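As a plain string of letters, each chain reads:
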Amino acid sequence: MAGQRKSYDIKGTSQYSRMQDYSSYQPSELGTFSISEDGDFINCNTAKIPTLLDYKLPLNLDEGYNGTEGKDKARETTFPQWEKGLKWIHGSKEGYGSVSSVDIIASRGILKDIGYTNHNQYNNPWKFEACKFKGKVYLRKVDEEEDENEWCIRNSYWGKKFEEYLIQQETGTKATYRMLKGKIGKKTVLLSAEVDAISSDGKYMEIKTCFANKIGVKVPQAWWQSYLGKVDTLYYGLKTKQGMVYDKPTEISMTDALTKYVKKDTANEMIGFTGDVLDWLYGALPDTDETWILEYTGGRWIFLRSTGEKFLPNWYLQFIEGKKEEELVKQVEALTLSHPVN
């Protein structure tokens, strides 16, 4: 029923730091999938993680920037192809097998925003859609046009341009995702996490840009995002205010990031807070597949309100609803995995 409201009272950060040690989060990789340049799902068995390109310095990140086109480019992957993760569940035996023990299904970006709430110096708001269906909570970002200024749009464009200089995607592929399962708080989470690149020695890399004097501010959030996605190395292009990168990118291992930029109590607090919010959300949502808005607007409260609408696609509801587990497994095994799921 639309109009119902519930709220979560944010506690002091020290309470969250005692709830869960960050090191207890040890996600396992269940598979990968890719998104084509046209936005189509590419089966997990054929996904290929991008590799690093050879490049020559300096790099001009402002090359090609042009107002509206730059804004479109900056927003290309702001809102992940959410249904593609559901198609991975539908089209992969491992995917369905993982769901039987999963409580929360979300993207890494959502958990990043939730976990960083108490450490965001700008007090940035966030808003997600949530529903519970057959004992599982689904979270997705709300696709809204953000009111960004020219400087923010330009910096977002620079980040995408930096990736273009450094990353070699497989022909026809726009992005590749890993499917990870791990325990946060009392709940088991299945999350999709885009992977930027893999190094020649097999390390997963998060590609970012940063102003040299801001790296100490940027690394803590990047560490949290990357830790959720089981990334090994942060790879920073240090840019000027004109969008130029003159020096070789700075590599920061996750261990070094934790030692130099992130306090252990802060790491524990982020995962403890995320776990507590997810535990509360799981209990607060009715199991009706109705869409609820989970929103933080600043201050000490997180709000949850019903909408009377639904966002799970019909094909997914039909796939899950009313079928016994053994029937679902047989259906998944019968799929031709060399073809995308429509």
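Only a predicted model underlies this, so the values are computations on that prediction, with no experimental measurement involved.

**Q** Lay out the overall build of the protein chain in plain terms, naming residues and giving numbers.
**A** In terms of helices and strands, the protein chain carries 11 helices and 18 strands. Within the protein chain, buried positions represent 51% of all 342 residues. The contacts in the protein chain between residues at least 6 apart in sequence include a share of 76% that link residues at least 24 apart. For the protein chain, the exposed area adds up to about 16,200 Å²; of that, 45% sits on carbon and sulfur atoms.

**Q** Talk me through the environment of lysine 112; I want residue IDs and the actual numbers.
**A** Secondary-structure assignment places lysine 112 in helix H5 (residues 108-115). Using a relative accessible area of 17% as the deciding quantity, one classes lysine 112 as buried. For lysine 112 and isoleucine 271, which are 159 residues apart along the polypeptide, the C-alpha to C-alpha distance reads 9.6 Å. When near neighbours in sequence (up to four residues on either side) are disregarded, lysine 112 contacts Gln221, Trp224, Gln225 and Leu228.

**Q** Before we move on, could you go through the pattern of salt bridges and cite the residues and values that matter?
**A** One pass over the full model with this rule turns up 16 salt bridges. A salt bridge links lysine 112 to aspartate 113, with the nearest nitrogen and oxygen atoms 3.6 Å apart. Judged on exposure class, the residue lysine 112 and its partner aspartate 113 are both buried. Between lysine 310 and aspartate 289 there is a salt bridge, with the nearest N and O atoms lying 3.2 Å from each other. With lysine 310 in the loop between strand E18 (301-306) and helix H10 (314-320) and aspartate 289 in the loop between helix H9 (264-284) and strand E17 (292-296), this residue pair connects regions lying 21 residues apart in the sequence. Salt bridges sharing partners connect three or more residues here, namely Asp62, Glu150 and Arg154.

Procedures and definitions
- Residues numbered from 1 in each chain as written.
- Predicted model: local features only at pLDDT ≥ 70, side-chain atom pairs only at ≥ 80, totals over all residues.
- Heavy atoms only, no water.
- Helix = DSSP H or I, 4+ residues; strand = E, 2+ residues; numbered from the N terminus.
- Buried < 20%, exposed > 50% of the residue type's maximum accessible area, 1.4 Å probe, protein only.
- Contact = heavy atoms within 4.5 Å.
- Areas by Shrake-Rupley, 256 points an atom, 1.4 Å probe, with all protein chains shown as cover.
- Salt bridge = Lys/Arg side-chain N within 4 Å of Asp/Glu carboxyl O.

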